[in-house]
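These are the residues of each chain, in order.
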Amino acid sequence: MRDLLALLAIVLAVPLAAQGSAPPAPYAYRQLDDPDQEAVARELMHTLRCIRCQSQSIADSDAPMAGDMRHQVRIRIAAGEEPEAVRRWLMARYGDYVSYEPVMSATTWPLFAIPPILALLAGLIVWRRLRRRA
Amino acid sequence: MSWRLWLPFLLFFGFAGLAAYQLSQPKDDTIKSTMVGKELPYFTLPPASLERPGVDSRYFYEGEPKLLNIWASWCLPCIAEAAQLEQLKDEGVEIVGVAIRDEPTDVMRFLTQHGNPYTRIGRDDLSEVQLAIGSSGVPETFVIDGKGVITYQHVGDIRHEHVPMLLEELRKAGR
């Protein structure tokens, strides 16, 4: 019986070829003991992009690298770092790309500038029409 | 009919044309590290195999420019670049390895099968060094000058045609 169990364990323990056999980082799936810190960490994780799986946040991804990023976020928050400091640390390495919270920069300013300009233009047109009709 | 009537159409087709052009362009998924040009962050890693010592970031602050190769025994493109790393080693380049999420037995098996171009191999179980230098996957190769500054990042496996380019980057870093 024990041999059979051992055999079963060996068969089940075959690692996924592309993922590596190492276990996930300690805090990849484990929550922080302090619920307040865990809430802060979790909120931050939802705004950080997984580098490997580019359309998911690290909170949503099961990629090993996302797990390692969650581990970083949790231990840094547990050590008392501010969420924005953790975000800045990652952005210093991966650029704006890693953050789902858009910031205004040399490439992104039109995203922020165009909507108010269009709204202003639409308002102007409507205003002129209404005035003409009156 | 005033010419102004055509303005919305022109705007629309201009936009549609721009979108069609952008869609036809190949998408570049690589995320470049923004640590290029900056100093290597401090780290110290235990050895990943019995054959080579571990890696300390201070090691990059002396001597010639070196290559920092991020790899793993479970990574298939790493097998593809093994021959090119060997070639770089034969050219006299020092290659320091960082094994991501790896086991010593797997590392040793990989090195006996595909050759060992490394002078040192650090074990990075939590991708800490990988995250610290802004690397987004395996394999990746960084050129570090003799003063601990990252001067170049190569994303993906090193193909045959990349070897002269990396040698040139190493030469530039040495000046």
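What you see is a predicted model; the values in this text were computed from it and never measured. (Residues numbered from 1 in each chain as written. Chains lettered and ligands numbered in written order. Predicted model: local features only at pLDDT ≥ 70, side-chain atom pairs only at ≥ 80, totals over all residues.)

Visitor: What's the story with the overall build of chain A in this structure? I'm lost.
Guide: A tally of regular secondary structure across chain A gives five helices and zero strands. Ordered by position in the sequence, the α and β elements of chain A form the string α-α-α-α-α. Per-residue burial for chain A yields a buried fraction of 24% across its 134 residues. (Helix = DSSP H or I, 4+ residues; strand = E, 2+ residues; numbered from the N terminus. Buried ≥ 20, exposed ≤ 12 C-beta atoms within 10 Å, placed from the backbone.)

Visitor: In this structure, what is going on with the overall build of chain B? I would like to understand it.
Guide: The secondary structure content of chain B amounts to five helices and seven strands. Counting helices and strands in the order they occur from the N terminus, chain B gives α-β-β-β-α-β-α-β-α-β-β-α. Expected size for 175 residues packed as a compact globule is a radius of gyration near 16 Å; at 21 Å, chain B overshoots this value by more than 25%. With respect to the three principal axes, the spread of C-alpha positions in chain B is 85 × 35 × 30 Å. If you take every contact in chain B between residues at least 6 apart in sequence, the share linking residues at least 24 apart comes to 76%. (Rg over C-alpha atoms; globule rule 2.2 N^0.38 Å. Contact = placed C-beta atoms within 7 Å.)

Visitor: How do you make sense of the sheet that holds strand E7 (residues 150–155) of chain B when you look at a structure like this?
Guide: Residue and element names in this part refer to chain B. In spatial order, the strands read E5-E4-E3-E6-E7; together these five strands make up an open sheet with mixed pairing. Unpaired on one side and paired on the other, strand E5 (118–124) and E7 mark the two borders of the sheet. Averaged over all adjacent pairs, the angle separating strand axes in this sheet is 20°, with direction ignored. The pairing of strand E3 (residues 66–71) with strand E6 (residues 140–144) spans five bridges and is antiparallel. Residue pairing in the sheet places leucine 68 in a bridge with phenylalanine 142 of E6. (Pairing = 2+ DSSP bridges. Axes fitted to C-alpha atoms, helices over the stretch in contact; angles between N-to-C directions.)

Visitor: Where do I start with the domain arrangement of chain A in this structure?
Guide: Accessible area lost when the parts come together is the quantity often used to give the size of an interface. One can read the domain layout of chain A as domain 1 (22–103) and domain 2 (105–134). Computed over C-alpha atoms, the centres of domain 1 of chain A and domain 2 of chain A are 38 Å apart. (Domains from an automatic or database assignment.)

Visitor: Explain the interface of chain B and chain A to me, please; I cannot follow it from the model alone.
Guide: With 18 residues of chain B in contact, the opposing surface of chain A contributes 21 residues. Its residues assigned to classes, the side of chain B that touches chain A shows six nonpolar, six polar and six charged. (Nonpolar A, V, L, I, M, F, W, Y, C, P; charged D, E, K, R; others polar.)

Visitor: Would you take a moment to explain unusual backbone geometry for this structure?
Guide: A negative phi angle characterises most non-glycine residues, just as the trans form characterises most peptide bonds. Following B:Val138, the chain continues into B:Pro139 via a peptide bond in cis, with omega recorded as -10°. By the element assignment, B:Pro139 lies in the loop between helix H4 (128–132) and E6.

Visitor: Please clarify how the packing of helix H2 (residues 35–45) of chain A against helix H3 (residues 64–78) of chain A should be interpreted in this entry.
Guide: Geometrically, a packed helix pair is captured by the angle between its two axes and the distance between the axes. All names here are of chain A. At their nearest, the axes of H2 and H3 sit 9 Å apart, and the two run at 140° to each other. Between H2 and H3, the angle is such that the two are oblique. The two elements H2 and H3 meet at a crossing, and its hand is right-handed. Two secondary-structure elements touch here, H2 through Gln37, Val40, Ala41, Leu44 and Met45 and H3 through Arg70, Val73, Arg74, Ile77 and Ala78. Split into classes, the residues belonging to the contact of H2 with H3 amount to seven nonpolar, one polar and two charged. (Parallel < 35°, antiparallel > 145°, perpendicular 65-115°, else oblique. Left-handed = near helix turned anticlockwise from the far one by under 90°.)

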